[in-house]
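# Structure assessment
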Amino acid sequence: MKHHILNTRRLATKRSAKYQQFLSIYAESCTVMKSINVVLMVVMCGAFASGCASTAVLKPQHSGYTYGGEKYGKVVVKASDAVAKDTRKNVRIEEMAIDQKIITQLKVAGIYDESSTDTVQVLINSIYIRNTFNAVFWGFLSGVDSLKGTVTLNQKDNQLAIFDVSASWGWGGTAGGQTSTRLEWLSKKFAEQTAGIILGKK
C-alpha cells in the first residue's frame, strides 16, 4: 500500500513538472508571437504610411517662388526619353490623363484661362505600376506604384518656377489593388500637388 502511494506521488510529481515545463514553453511562445506581431504591425504601418503619399518640392533656384496672380491656358505632358522607350508606361500615362487632371485642379482654384498663353509643362521622369494580380493579392508586399515628374511654369520666354512632384500608392486588395483606382489616385494627387505649388502652398 505504501509502495503504491509512493509511486502515485512520484507520478504526480512528474506530471506536475511536465505541466510546469509546458506552461513555461507556452509563455515563451506567447512572448515570441507578441514580438512578431509587434514587428509585423510596425512594418505594415510603415508600409501604409510611406505607400500612399504625394509631395511637391521647388527646385533650389526657384525656392523663392511666390504666386503672382498668373492664369494658365495650357497644360502639356511629355515623357522623358527613358520613359518614352517603354510602350506600356506610355499607355499608362495616357490612361491617367494627367493634363486633364491638372486643368481640373486649375479650374477649381480659379487660375485656368483658355485665352492665357502661360503654360504648365510636365515631364514624367519615372512611372511604375504593378500588375493587377500582384497589387490585389500581395498588396504593398509587391511594391509601390509611383509617378514622378518635373513641372515647369512658363510665361512667354520666362520660367516662373520649376518643381518636382511625386505620388505613390502601396495599398492592395480587391478595392485598393484595382488598376483604375491606383491610376486615378496617382494622377489626382499629382495634379493636386501641382496646383498647390502654383498657388504658393509649399
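Described in the following lines is the structure provided in the data block. Nothing here was measured: the structure is a model prediction, and the numbers come from that model. (Residues numbered from 1 in each chain as written. Predicted model: local features only at pLDDT ≥ 70, side-chain atom pairs only at ≥ 80, totals over all residues. Heavy atoms only, no water.)

Here we take up the overall build of the protein. When helices and strands are counted, the protein shows seven helices and five strands. Traced from its N-terminal end to its C-terminal end, the protein shows the element sequence α-β-β-α-α-α-β-α-β-β-α-α. A burial count over the protein gives 33% of its 202 residues as buried. (Helix = DSSP H or I, 4+ residues; strand = E, 2+ residues; numbered from the N terminus. Buried < 20%, exposed > 50% of the residue type's maximum accessible area, 1.4 Å probe, protein only.)

The next thing to look at is the sheet that holds strand β1 (residues 53-58). Backbone-to-backbone hydrogen bonds join strands into a sheet, with any given pair of strands oriented parallel or antiparallel. Pairing is mixed in the open sheet, where five strands are placed in the order β1-β5-β4-β3-β2. This sheet does not close on itself; its edge strands, each paired only once, are β1 and β2 (74-79). Shown here is a sheet whose adjacent strand axes are inclined to one another by a mean of 20 degrees, direction ignored. As defined by bridge partners, β1 adjoins strand β5 (residues 158-169) across six bridges and the pair is classed as antiparallel. If you follow Leu-58 over to β5, its bridge partner there is Phe-163. The sheet contacts of helix α3 (residues 87-96) involve β2, β3 (119-128) and β4 (145-155), and relative to β3 the element is tilted by about 135 degrees. Where helix α4 (residues 98-109) meets the sheet, its contacts fall on β2, β3 and β4, and the angle it forms with β2 comes to roughly 150 degrees. (Pairing = 2+ DSSP bridges. Axes fitted to C-alpha atoms, helices over the stretch in contact; angles between N-to-C directions. Contact = heavy atoms within 4.5 Å.)

A word on the nonpolar core. Judged by nonpolar contacts, the single largest core of 34 residues is most densely connected at Val-120, Leu-153 and Ile-198. Of all the secondary structure elements, the ones that give two or more residues to this core are β1, α3, α4, β3, β4, β5 and α7 (179-198). Sequence-distant contacts of Ile-198, that is, excluding residues within four places in its chain, are made with Tyr-65, Tyr-67, Tyr-72, Leu-106, Ile-111, Val-120, Leu-153 and Phe-163. (Core = buried A, V, L, I, M, F, W, Y, C linked by side-chain atoms within 4.5 Å.)

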